[in-house]
Amino acid sequence: MDTKDLLIIIPAYNEEKNILKVLHQLEQPEIAEIADVLVIDDASADFTGRIVKSQNHKLVTHLFNMGYGSALRVGYKYAVQNDYQYVIQMDGDGQHDICNIPAIYHKLREKAEDKKCPDIVLASRFMEESTCFPVSISKKIAYQFFRCLIYLMTGKWIYDPTTGLQGLSRNAFSYYSKYNHFDDRYPDANIILQMILLGFRVTQIPAVMHTRTEGQSMHSGLKPIWYMFRMFFSMITILFRIKVLKLDSKGGEGHVG
């Protein structure tokens, strides 16, 4: 069996209406030839896990619902233990078009002028070259708030601070896999802020994404407003830990492209 250096991690919770289509897309030769797929079933109450098993993909099943961040962290640990060099994390709801996978993979291996590769590649819904992605007013407010906050704290402009479609180098996902280096519940703008402040190399590319057709987003309704306040306090805590208390070690040189 060919050894692949890329692992695609999909956290999934009650995605029986979407996961099969996503897996079928990832089974296309242009993806299957370069990547393995790992689904973390976060104690779904439906048939998400059975569907993944029927497609013979790698599966980890939580007995209790641990949350989105915990599911990702399990995936990072798996990637470390099985010697993958790159991780791409994506959602199981069909919003992330698989055409983004080769683009992210290429960007992860692309050397900048200083001959170094990115640690994190953010696939953005809101760059000029991105496809049109409609969002509610409450989400627009939250996204702009996070952009401005990251800019004020780092001087870096992040177009899509809550994107769930990301590519990670081994340097980045190994760091995430360690205790207290990752938000086990809601890893979002706070973690991007953390990684920039720690000196990891973060870059951005435009993405092709679709609106969800089945199920419900964890950020639906007025939740983005509550989420904005929760994330604000998390980001302030991270800034204090890194800049004042100096509790975390650096990982790179802080470049953002």
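The structure contained in this document is the topic of the report that follows.

What counts as what
Per chain, residues are indexed from 1 in the order of the written sequence. Under the rules for a predicted model, residues below a pLDDT of 70 receive no local features and side-chain atom pairs below 80 are neither given nor counted, while totals for whole chains, interfaces and linings still include all residues. In computing side-chain properties, one takes all heavy atoms of the structure into account and sets aside hydrogens as well as water. A pair of strands is labelled paired if DSSP reports no fewer than 2 bridges between them. By the criteria applied, helices consist of DSSP H or I runs no shorter than four residues and strands consist of E runs no shorter than two, each listed in order from the N terminus. Note on method: axes are straight lines fitted to C-alpha atoms, helices fitted across the in-contact stretch only, with angles between N-to-C directions ranging 0 to 180 degrees. For this analysis, residues touch if any pair of their heavy atoms sits within 4.5 Å. The buried label goes to any residue with under 20% of its type's maximum accessible area, the exposed label to any with over 50%, and the partly exposed label to all in between, with areas taken from a 1.4 Å probe on protein chains only. The directions from the helix axis to the C-beta atoms form the arc being described. Between 30 and 60 degrees the pair is tilted, below 30 it is stacked and above 60 it is edge-to-face, where a pair is any two Phe, Tyr or Trp rings, Trp via its six-membered ring, whose centres lie within 6.5 Å. Whether a charge sits over a ring depends on NZ of Lys or CZ of Arg being within 6 Å of the ring centre and within 35 degrees of the ring normal. Whenever Lys or Arg places a side-chain nitrogen within 4 Å of a carboxyl oxygen from Asp or Glu, that contact is recorded as a salt bridge. We define the nonpolar core as a collection of buried residues of types Ala, Val, Leu, Ile, Met, Phe, Trp, Tyr and Cys that are connected through side-chain atoms lying within 4.5 Å of one another. Patch criteria: residues need more than 30% relative accessible area and no salt bridge. Like-charged residues are merged within 9 Å; nonpolar side chains of Val, Leu, Ile, Met, Phe, Trp and Tyr are merged within 5 Å. To measure how exposed things are, a 1.4 Å probe is used in the Shrake-Rupley method; for residues, cover is taken only from the protein chains shown.

### Some remarks on the sheet that holds strand β1 (residues 6–12)
Ordered by their spatial adjacency, seven strands build an open sheet running β3-β2-β1-β4-β6-β5-β7, and the pairing between neighbours is mixed. The strands lining the two open edges of the sheet, one partner per strand, are β3 (58–61) and β7 (202–206). This sheet shows a mean twist of 20 degrees between the axes of neighbouring strands, independent of strand direction. The sheet contacts of helix α4 (residues 68–81) involve β1, β2 (35–41), β3, β4 (86–89) and β6 (166–169), and relative to β1 the element is tilted by about 155 degrees.

### Looking at the pairing of β4
Side chains of β4 alternate between two faces, with Tyr86 and Ile88 and Val87 and Gln89 buried alike. In the sheet, β1 pairs with β4 via four bridges, with the strands oriented parallel. Bridge pairing in β4 links Leu7 to Val87. As paired strands, β4 and β6 are joined by four bridges and run antiparallel to one another. For Val87, the partnering residue across the bridge sits in β6 and is Leu168.

### Considerations on helix α5 (residues 100–109)
Within an α-helix, residues lying three or four positions from one another point in the same direction, as the helix has 3.6 residues per turn. Taken together, the buried positions of α5 are Asn100, Ile101, Ile104, Tyr105 and Leu108. Buried residues of α5 fall within an arc of 130 degrees about the axis and therefore sit on the same side. Tucked inside the fold, the buried residues of α5 contact β1, α2 (29–32), β4, β5 (120–124), β6 and β7.

### Re the packing of aromatic side chains
Summed over the entire model, instances satisfying the criterion amount to 14 aromatic pairs. Measuring from centroid to centroid gives 5.3 Å for Tyr76 and Tyr176, while their planes differ by 35 degrees, and the two rings are tilted. With Tyr76 in helix α4 and Tyr176 in helix α7 (residues 170–176), this residue pair connects regions lying 100 residues apart in the sequence. A relative accessible area of 0% places Tyr76 in the buried class. Since its relative accessible area comes to 2%, Tyr176 is described here as buried. Taken together, the ring pairs in this structure connect Phe145, Phe146, Tyr186, Trp226, Tyr227, Phe232 and Phe233 into an aromatic cluster. Arg109 extends its terminal NZ or CZ atom over the ring of Tyr105, reaching a point 3.9 Å from the ring centre. Taking the ring centre of Tyr186 as reference, the NZ or CZ of Arg185 above it sits at 5.9 Å.

### Let's talk about the pattern of salt bridges
The tally for this structure, following the rule as stated, stands at five salt bridges. In this structure, the salt-bridge partner of Arg125 is Asp160, at a minimum N-O distance of 2.7 Å. On the criterion of sequence distance, the pair formed by Arg125 in the loop between β5 and α6 (137–154) and Asp160 in the loop between α6 and β6 is long-range, its members being 35 residues apart. The class for Asp160 is buried, based on a relative accessible area of 1%. Note that Arg230 is salt-bridged to Asp183, the shortest N-O span being 3.7 Å. In this pair, Arg230 is assigned in helix α9 (residues 223–244) and Asp183 in the loop between α7 and α8 (189–197), connecting sequence segments 47 residues apart.

### Points about the nonpolar core
Counting 41 residues, the largest nonpolar core has Tyr76, Tyr176 and Met235 as its most contacted members. Taken together, the elements giving at least two residues each to this core come down to β1, β2, α4, β5, α6, α7, α8 and α9. Broken down by element, the residue count for this core peaks at seven residues, all from α8. Ile8, Leu23, Ile51 and Val135 belong to the second-largest nonpolar core, a separate cluster that totals 31 residues.

### Remarks on a nonpolar patch on the surface
A cluster of nonpolar side chains, Tyr151, Leu152, Trp157 and Tyr159, forms an exposed patch at the surface whose accessible area comes to about 430 Å². In this structure, Leu152 sits in helix α6.

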